[in-house]
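Per-entry structural report
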Amino acid sequence: MARSARRARLLTAVALVALAGVVAVAASAGTVDLRPADAARLVLGHLVPGMPWMSDGTYTPLQDQVVWQFRLPRALLAALAGAALSLAGVLIQAVVRNPLAEPAILGVSSGAGVGAVSVVVLGAAADAAIGTAAFTGAAVATAAVFLVAYKDGRIAPQRLVLTGVALGTFFSAVTSYLTITTEAQNVFSVMFFLLGSVSAATMSDLAAPALALVVALVVVTVTGRSVNALQVGDETATALGVSVNALRTVLLLTASLLTGTVVAVAGGIGFVGLVVPHVARVLVGADHRRLVPVAVTGGALFLCTADLAARTVSAPAEVPLGIITAFIGVPFFLWLMRGRSADEQGMSR
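Treat the numbers as computed from the prediction; the structure is a model and nothing was measured. (Residues numbered from 1 in each chain as written. Predicted model: local features only at pLDDT ≥ 70, side-chain atom pairs only at ≥ 80, totals over all residues. Heavy atoms only, no water.)

Further remarks concern the overall build of the protein. A tally of regular secondary structure across the protein gives 13 helices and two strands. Its C-alpha atoms give the protein a radius of gyration of 21 Å, near enough to 20 Å, the size a compact globule of 349 residues would have. Dimensions of the protein, computed from the C-alpha atoms along their principal axes, are close to 65 × 55 × 35 Å. Here the protein holds 349 residues, and the buried ones make up 51% of them. (Helix = DSSP H or I, 4+ residues; strand = E, 2+ residues; numbered from the N terminus. Rg over C-alpha atoms; globule rule 2.2 N^0.38 Å. Buried < 20%, exposed > 50% of the residue type's maximum accessible area, 1.4 Å probe, protein only.)

And the structure:
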């Protein structure tokens, strides 16, 4: 137990240091070239004004603008989105007690996408309107999954997954209909949004996902022991004094908040909530007091690195983030499914 806790602290620290390095590289890479150390000094010059050793005036206005107004917000938004989606995956996997679950599989991402795309298609493209619509769509999807999965006074985890897959397909069909019936000039922006991108990130875009992440972390901190009890079965958790249905409701709403805010500012990015929590669970175990810090920092590092690859692998063209995460996530998902099938066959013999 103590060894796992030390490993979790070490991995969290390593992920944070690596994340700082990736952010520095992301802030320096591009057509306006800078060394990572120079980009870091430029950023620190903004954060700590009046310190000449941090920003000595050798940077051009163009370099300053590119790093501070474009590259840094993009890298930070990717990190926040990765942390939020990873935490949402942890929560949903806890609710259904299944490592194959994530916001996209339960239809939460698709619901958020319907809300956001509806606003874009209708022409109300203000950030606040898109954010509200995305969260509303995520909440509606969560409520629908919850209501169908609720049977005989409890929420059946298996029904949650099956219902989520069905509703996710339905919401995807709605999004496709909205896309093909909108004006031609909207189609590209809608498709790029659905595939995920942080290319248009600004500093103001960081507020909503950061706030959602803080709220979610508070919820997890307060309910950590109860979530651990939930993993050993509803009966055991109830015997330990956990209100199982109330806890599942809180966790699903928190996951919806995280997913909705990310979809609003970064579009549809899949598989982060599947890959990162599972790797973190393998490394530090299922105790959520250790799992959450590793998953959150790992998710931030994963998506920030993926975004750096998205804008450099085919430069000057940009690959949507959802494509990069799918290239990684789909093989991982199939490998995980194959491993579970082998385990099940072994248990049946």
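A word on a positive patch on the surface. A surface patch of positive charge is lined by Arg 3, Arg 6, Arg 7 and Arg 9. Relative to the helices and strands, Arg 6 resides in helix H1 (residues 2-28). (Patch = residues over 30% accessible without salt bridge, like charges linked within 9 Å, V, L, I, M, F, W, Y side chains within 5 Å. Areas by Shrake-Rupley, 256 points an atom, 1.4 Å probe, with all protein chains shown as cover. Salt bridge = Lys/Arg side-chain N within 4 Å of Asp/Glu carboxyl O. Lys, Arg positive; Asp, Glu negative; His and termini not counted. Charge placed at Lys NZ, Arg CZ, Asp CG, Glu CD.)

Packing of helix H4 (residues 108-122) against helix H10 (residues 244-266) brings their axes to within 9 Å, and their N-to-C directions diverge by 45°. With respect to H10, the element H4 is oriented oblique. The interaxial crossing formed by H4 with H10 has right-handed handedness. Across from Val 108, Ser 109, Ala 112 and Gly 113 in H4, the residues of H10 making contact are Ser 256, Thr 259, Gly 260 and Val 263. Broken down by class, the residue content of the contact of H4 with H10 amounts to three nonpolar, five polar and no charged. (Axes fitted to C-alpha atoms, helices over the stretch in contact; angles between N-to-C directions. Parallel < 35°, antiparallel > 145°, perpendicular 65-115°, else oblique. Left-handed = near helix turned anticlockwise from the far one by under 90°. Contact = heavy atoms within 4.5 Å. Nonpolar A, V, L, I, M, F, W, Y, C, P; charged D, E, K, R; others polar.)

With that settled, consider the confidence of the model for the protein. As a general rule, the predicted coordinates of low-pLDDT regions are not to be interpreted in detail. On average, residues of the protein score 83 in pLDDT, and 91% of them are at 70 or above. Taken element by element, the predicted model of the protein shows its lowest mean pLDDT in helix H13 (residues 321-348) (67) and its highest in helix H12 (residues 288-312) (93). Confidence over residues 341-349 falls short of pLDDT 50; this stretch has zero contacts with residues more than four positions distant or in other chains. (pLDDT = per-residue confidence, 0-100.)

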